[in-house]
Number of protein chains: 2
Amino acid sequence: MALTGNLVGERPTFVTHLECSLTGERYEADTLHGLSAAGRPLLVRYDLAVAGKALSRGALETRPTDLWRWRELLPVRHAASIVSLGEIETPLIPIPGAAARGVIVKDEGRLPTGSFKARGLVMAVAMAKELGVTRIAMPTNGNAGAALAAYATRAGIETVVLCPDDTPEINVREIAAQGARVYRVNGLIDECGAIVGKGAAEGLWFDFSTLKEPYRIEGKKTMGLELAAQLGWRLPKAIFYPTGGGTGLIGMWKAFDELEALGWIGSERPKMFAVQASGCAPIVKAWEDGVEHAERWEDAQTIAMGIRVPKAVGDFLILRAVRESGGRAIAVDDADTLAAVDDCGRRDGLLLCPEGGATLAAWRKAVAEGWIDEGDEAVLFNCATGLKYPLADFSQTLDKNELPDLATL
Amino acid sequence: MALTGNLVGERPTFVTHLECSLTGERYEADTLHGLSAAGRPLLVRYDLAVAGKALSRGALETRPTDLWRWRELLPVRHAASIVSLGEIETPLIPIPGAAARGVIVKDEGRLPTGSFKARGLVMAVAMAKELGVTRIAMPTNGNAGAALAAYATRAGIETVVLCPDDTPEINVREIAAQGARVYRVNGLIDECGAIVGKGAAEGLWFDFSTLKEPYRIEGKKTMGLELAAQLGWRLPKAIFYPTGGGTGLIGMWKAFDELEALGWIGSERPKMFAVQASGCAPIVKAWEDGVEHAERWEDAQTIAMGIRVPKAVGDFLILRAVRESGGRAIAVDDADTLAAVDDCGRRDGLLLCPEGGATLAAWRKAVAEGWIDEGDEAVLFNCATGLKYPLADFSQTLDKNELPDLATL
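Please read these numbers as outputs of a predicted model, since none were measured by experiment.

Focus: the domain arrangement of chain A
Residues and elements named next belong to chain A. For chain A, the domain assignment lists domain 1 (2-86), domain 2 (93-99 + 103-113 + 216-388) and domain 3 (117-207). Summarising the inter-unit geometry, the C-alpha centres of domain 2 and domain 3 are found 24 Å apart. For the domain 2 and domain 3 pair, buried surface summed over both sides reaches about 1,900 Å², with 54% attributable to carbon and sulfur atoms. If you sort the residues of domain 2 by the area they bury against domain 3, Arg216, Arg308 and Lys388 come out on top, with a joint share of 35%. Along the contact surface separating domain 2 from domain 3 lie five salt bridges. Among the ionic pairs, Arg119 bridges to Glu226, the shortest N-O distance being 2.9 Å.

Okay, structure coming up:
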């Protein structure tokens, strides 16, 4: 069955070690790790010279296009560790009505559990299973918790999920429906994270917070790998990415370096635009201040819950990628985000999530400010299905027994 | 770009004519048609002998896997008619927890607008555009209206959508968000259909009701084509299909015949199980009564809105396929449907829609009654994302200022 096309047989993997993203200190692979001794994320390193001999672009192109086609660049050693819910390659969709001809949306809402969180979590859960973890806890604004619940349930791992008490209703409910225990907390995601950290220190569970284990980033980097393959082994001029914890942005940046090391792409990079909400823009502030680390954003508020992250442990990695790329961190107002969601639906028939809408608003701002040209090929990441978020009711009623003149409909 | 891999260049199509599904009367292709003179659905016919020379299985397997890879077996003549939102091949997902090892779910919730309706509507809208339609109306239980709205908006065609006033809230709202005008009617889908028919007779719009135009079925048949390709050019032992209007079941049956005519599969067929709800089971009643047409089901009630269809214009086609296949029409209680949705989420991490849950409930009934063996390879169609439907709230609350012993979480 094509179903298991990438999941059977030998799985050569070329992981050599892990290293601290701040100090470069080496850590052993195949051992359970959280943050480095310096309290920073660990990055997985591969022997890309050998990997490049084992895999050609041509061979890759004959495989089914799901996430597991990239197995030589992923950390999982044993196919048996993988719990899959069908991690398809997400489509690229032009939105000429709401944006311009060169603008395409990568629609991550088509992944399992309806968001890009599936990429990171399917990888992290597989590695947790491989390394013997039996209980996981996580703070979440919603979508990550849903993905964790689904995959952990499938892997037979128990999960406890903590989310802010104003997390979208559908998220809270789907987490429980997919087998996790879920708690609403009177605090923001970093305060939920503090509770998870406390329980982890007590030995109650393994901490799956963003970037606090090394493998979600490896899953998320497939967004970059996939994009390069979909565009015929080149990259777009600009990428607009909704940035909360920033795993995906960091992951894509890592992916591009790995592809270049393999000789599959050149040294050109897209301008990376980290998109945040005006009501929670710690990365934008740090970018504007020219500093390497971001301060916690107090009183964080935005309708785009997925990017309501006051403090990101990978802040310096996000800022470094944005700066190296010649991009920017951009804050957009909620009103512009809502207008973008509305426009894209009504003009292009594509329902974005609020965070996806924020990337469209940011693209508009970037064009208006002259940071990019309207004709530049730009990719916007719609990180989740728009169906998870409240929509306004524009319906009218019709009485079957007293029909009006139908020409007025 | 792989994005347009199947949408560029010449599009050979092999349509010869249309024919009445009841009388076999011929109708001209490339002309706008509704029902046949006998008031029955029209079926699109192809010169499969010539198509089989133009396309080999090998050549097909080199194409991107989206719906448009099947272009030689589809009616669209010009790539410019196609409005795409990324009609990916939907994944096959085993559910060993809630069912058995041989049972796989085809997860149609990954399609644009979150349901299998995208298959039929992307095709019907492309043909409407090709044939010059500028205004469309449709009765819907929700998902079809959402797919129509999205594609028609993209195609620049105006749409009016009528739905029962108890249609799921998210559906009503997404239809408007994707650019259609939507009306809630105090009646069931066939009563909405009567209003659409009245307006069509007045020349106000083209009638897009299920099977009342010939092309939705051509889009839906790709479920059958895709399944055969995914399973390595063989078919499963049984297919469980949630059956309202039945377009997909009829379409798959047609697909299997076309694949056999091409010599790509043999004469074996799956047992086709048409799944309905006990509260609205006109096809089941007709099947049990041994008659060819179904009577309207009065006081239709079920939580599975998508199959709350009291009267289907293609009833005889559904019944014919089910009987020829050696399958059955099965009615399941809502309680069993809900239990199936719950089980699949909690055991396999996969959130089914109610109609998808009904197919799992029907599979369980079929095993219990001995209609199939538990070990038989069976495919269940989850026709939409489970995220569109209300879920129960199983969350608990946690006060960050008065944390309990975390070991109790």
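A look at the packing of aromatic side chains
The full count for this structure, using the stated rule, is 14 aromatic pairs over all chains. With a centroid separation of 6.4 Å and an interplanar angle of 75°, the aromatic rings of Trp253(A) and Phe256(A) are classed as edge-to-face. Taken together, the residues span about one helical turn, with Trp253(A) and Phe256(A) both in helix H9 (residues 247-261) at a distance of three residues. Accessibility assignment for this pair places Trp253(A) and Phe256(A) in one class, buried. Among the aromatic residues, those joined into a cluster by ring pairs are Trp70(A), Trp233(A) and Trp264(A). The residue whose ring lies beneath Arg69(A) is Trp70(A), and the NZ or CZ to ring-centre distance is 5.4 Å. Above the face of the Trp371(B) ring, Arg328(B) is positioned so that its terminal group lies 3.7 Å from the ring centre.

Structural notes on the pattern of salt bridges
Residues and elements named next belong to chain B. Here the structure, examined in full by the defined rule, presents 66 salt bridges over all chains. Here Lys254 ties to Glu258 by a salt bridge, and the two come within 2.7 Å at their closest N and O atoms. Of this pair, Lys254 and Glu258 both sit in helix H9 (residues 247-261), separated by four residues, roughly a single helical turn. Of the residues examined, Glu258 reaches a relative accessible area of 4% and is grouped as buried.

Cut-offs applied
- Residues numbered from 1 in each chain as written.
- Chains lettered and ligands numbered in written order.
- Predicted model: local features only at pLDDT ≥ 70, side-chain atom pairs only at ≥ 80, totals over all residues.
- Heavy atoms only, no water.
- Domains from an automatic or database assignment.
- Buried area = accessible area lost by both parts, 1.4 Å probe.
- Salt bridge = Lys/Arg side-chain N within 4 Å of Asp/Glu carboxyl O.
- Phe/Tyr/Trp six-rings, centres within 6.5 Å; stacked < 30°, edge-to-face > 60°.
- Helix = DSSP H or I, 4+ residues; strand = E, 2+ residues; numbered from the N terminus.
- Buried < 20%, exposed > 50% of the residue type's maximum accessible area, 1.4 Å probe, protein only.
- Lys NZ or Arg CZ within 6 Å of the ring centre and 35° of its normal.

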